[in-house]
Amino acid sequence: MPETLERKDCVIVGGGPAGMIAGLLLARLGVEVCVLEKHEDFLRDFRGDTIHPSTLKIMDELGIIDRFLEIPHRRMYTVSVSSPTGVSTLANFSRLPRPYNFVAFLPQWDFLDFIASEAERYDNFQLIREAPVTGLLFEGERVAGVKYDGVDGPVEVPARLVIGADGRSSTIREQADLELQDSRSPMDVLWFRISRRPGESVPFVNTAGGFAAIVIDRDEYWQVAFCIPKGGYAQLRSGEVDVIADQLTPQLPVVAERFREEITTWDDVKLLSVSVNRLLRWYRDGLLCIGDAAHAMSPAGGVGINLAIQDAVAAARIIGPTLVRGEDVPDTLLYRVQQRRLLPARLIQAGQVRIFANLYPKYLDQPYSPPLVPRIIGRVSPLQKLLARIIGIGLRPERVGKAIVNAPKP
């Protein structure tokens, strides 16, 4: 027989940015909340490493920003695209309101460890690791909790509300039988890492014939997102893995040289098949999906983390007071969360799929031609500020609200 835990006000499935932020905010309000994370820790590579100005502002409102900024991080004030024809500035964060006029770069596991440590100050917060969720509990048609495989056997967690924050391959979304609408992504991503030597510097965003590449400085190594045309992986893999180095050489010779030295098989390269989709309905009675579980984004701009965290803030502010009162959350409130967050998700997805699609080649041996959007934005300073605002702050930024800000400290 499965073990049954004490009933929670809210159980959150997924310990990513959306799940951990939602858990922290609900715990501050006094909600009995449990976050289920399927892994033992947060140490997974090739995840988004950007903390945007809007998230920095949220942590400021919560009074935890000083502790966060003690974590080693790098600050990016502009985003430029390097190409065979030169460098164009796409976004200028330095022109956003101070003091958070930059994007902070740090490994996502450091951010999640920090949020977990802040949430665990509250006795009403629980993080259970190594807890892969296998299904939902029901009372009639209403979702009433979840089931997961614990280290000692199956466990059931009854809850007034289940929040699905388990990413683009969401188990919760599938178990709840929520309908998904797809938009065709213009690219897939190959991730790999190579060593970085002291003093080395390469452009952050690069585009050339047949690929685009984002090179993230992780101090001791480079983490590289090699963006290829959607569906092009099979063709690329039909040859030797050095074909990637061959394509990189004209634009990123340092990366290409190191690739040949250190990447020997295709097993050293990880494929992310990019999906851009969203649920037609983010909720059902007793359940709400947020973040990538509700709307999977392209990696373009790193905005997926920003949107996911804003979803979590909106959800906590809207549904938190009901859970604090010990009441079930009605569908009307779940609908309010979707309606508040739907338009920003749709507009950003449209921009990723249509407006910025020409940043990425349509086929592997496509000759290089300067992308139109970077050329235009690179010449118009107000557009650089506008794009920085969209990427860094979002189309509908969220405030945590007075109830959460003024909640008793642990």
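The structure we're discussing is the one just above.
As the structure is a computational prediction, the values presented were derived from the model and not from experiment.

Draft legend 1. The overall build of the protein chain, seen in detail. A tally of regular secondary structure across the protein chain gives 13 helices and 22 strands. The globule rule puts the C-alpha radius of gyration for 410 residues at 22 Å, and the 22 Å found for the protein chain is close to it. Its C-alpha atoms put the protein chain at 60 × 45 × 40 Å along the principal axes. Counting all 410 residues of the protein chain, 56% fall into the buried class. Considering only residue pairs separated by 6 or more positions, the protein chain has 73% of its internal contacts joining residues 24 or more positions apart. Carbon and sulfur atoms form 50% of the exposed surface of the protein chain, whose accessible area is close to 17,600 Å². Side chains of the protein chain carry 48 positive and 50 negative charges; the gap between the two charge centres is 10 Å.

Draft legend 2. Representation of the layout of surface pockets in the model. Considering only enclosed or pocket space, the second largest pocket measures out at about 280 Å³ in volume. If you go around the second largest pocket, you meet 19 residues; those closest to its centre are Arg-74, Val-202, Pro-203, Phe-204 and Val-215. Breaking the lining of the second largest pocket down by element, the ones donating at least two residues are β5 (74–76), β6 (78–83) and β16 (211–217). By residue number, the principal contributor to the lining of the second largest pocket is β6, which donates 4 residues.

Draft legend 3. Structural context of the nonpolar core. If you look at the biggest cluster of nonpolar residues, it comprises 87 residues, and the most contacted ones within it are Met-59, Phe-68, Val-146 and Ile-319. Tallying contributions element by element places helix α9 (residues 303–324) first for this core, with 10 residues. Sequence-distant contacts of Phe-68, that is, excluding residues within four places in its chain, are made with Ile-51, Leu-56, Met-59, Leu-106, Phe-111 and Phe-114. Counting 31 residues, the second-largest nonpolar core is a separate cluster that includes Val-81, Val-189, Ala-212 and Ile-391.

Draft legend 4. Main features of a nonpolar patch on the surface. Side chains of Leu-372, Ile-376, Val-380, Leu-383 and Leu-386 sit close together on the surface and give an oily, nonpolar patch of about 390 Å² of accessible area. Put simply, the parts of the chain that give the nonpolar patch at least two residues each are α11 (372–379) and α12 (381–392). The residue Leu-372 is located in helix α11 in this model.

Draft legend 5. Focus on the side chain of Gln-349. Inspection of the secondary structure assignment puts Gln-349 in helix α10 (residues 331–355). Sequence-distant contacts of Gln-349, that is, excluding residues within four places in its chain, are made with Val-276, Asn-277, Arg-278, His-295, Ala-296 and Met-297.

Draft legend 6. Structural view of empty space enclosed by the protein. For the structure on display, the rule yields 1 cavity of 30 Å³ or more. By volume, the largest cavity is sized at about 50 Å³. Those elements that place two or more of their residues in the lining of the largest cavity are α9, α10 and α12. In terms of residue count, the dominant contributor to the lining of the largest cavity is α9 (4 residues). Residues that form the lining of the largest cavity fall into these classes: 7 nonpolar, 3 polar and no charged.

Draft legend 7. Broad picture of the sheet that holds strand β18 (residues 270–272). With mixed pairing, the 7 strands of this open sheet are ordered in space as β7-β6-β15-β16-β17-β14-β18. The strands lining the two open edges of the sheet, one partner per strand, are β7 (86–92) and β18. Ignoring which end each strand starts from, the neighbouring axes of this sheet average 25° apart. Where β16 and strand β17 (residues 221–229) come together, 6 bridges link them in antiparallel fashion. Across the sheet, Ala-212 pairs through a bridge with Cys-227, a residue of β17. Relative to the sheet, helix α8 (residues 253–262) contacts β14 (187–195) and β17, its axis offset from that of β14 by approximately 75°.

Draft legend 8. Expanded view of the sheet that holds strand β13 (residues 180–183). Reading across the sheet, the 3 strands line up as β13-β19-β22 and stay open at both edges, with antiparallel pairing between neighbours. For this open sheet the edge positions go to β13 and β22 (295–296), each flanked by a neighbour on one side alone.

Draft legend 9. Inspection of the side chain of Ser-82 at higher detail. Its location among the elements puts Ser-82 in strand β6. A polar atom in the side chain of Ser-82 sits 2.9 Å from the side chain of Gln-251. Ser-82 has contacts with Val-87, Pro-203, Val-205, Asn-206, Thr-207 and Gln-251, leaving out every residue within four places of it along the chain.

Draft legend 10. Looking closely at α11. Three or more residues of α11 are buried, namely Val-373, Pro-374 and Ile-377. Projected onto a plane normal to the axis of α11, the buried residues spread over an arc of 95° and lie on a single side.

Here is what the cut-offs are and how they apply
Residues numbered from 1 in each chain as written. Predicted model: local features only at pLDDT ≥ 70, side-chain atom pairs only at ≥ 80, totals over all residues. Heavy atoms only, no water. Helix = DSSP H or I, 4+ residues; strand = E, 2+ residues; numbered from the N terminus. Rg over C-alpha atoms; globule rule 2.2 N^0.38 Å. Buried < 20%, exposed > 50% of the residue type's maximum accessible area, 1.4 Å probe, protein only. Contact = heavy atoms within 4.5 Å. Areas by Shrake-Rupley, 256 points an atom, 1.4 Å probe, with all protein chains shown as cover. Lys, Arg positive; Asp, Glu negative; His and termini not counted. Charge placed at Lys NZ, Arg CZ, Asp CG, Glu CD. 1 Å grid on protein atoms, 1.4 Å probe; cavity = no way out; pocket = protein on both sides within 12 Å on 5 of 7 lines; lining within 4 Å. Points joined across faces, edges and corners; volume = space filled by probe spheres on them. Core = buried A, V, L, I, M, F, W, Y, C linked by side-chain atoms within 4.5 Å. Patch = residues over 30% accessible without salt bridge, like charges linked within 9 Å, V, L, I, M, F, W, Y side chains within 5 Å. Salt bridge = Lys/Arg side-chain N within 4 Å of Asp/Glu carboxyl O. Nonpolar A, V, L, I, M, F, W, Y, C, P; charged D, E, K, R; others polar. Pairing = 2+ DSSP bridges. Axes fitted to C-alpha atoms, helices over the stretch in contact; angles between N-to-C directions. Polar contact = N/O pair within 3.5 Å; in protein donor to acceptor, adjacent residues only side chain to side chain. Arc of directions from axis to C-beta.

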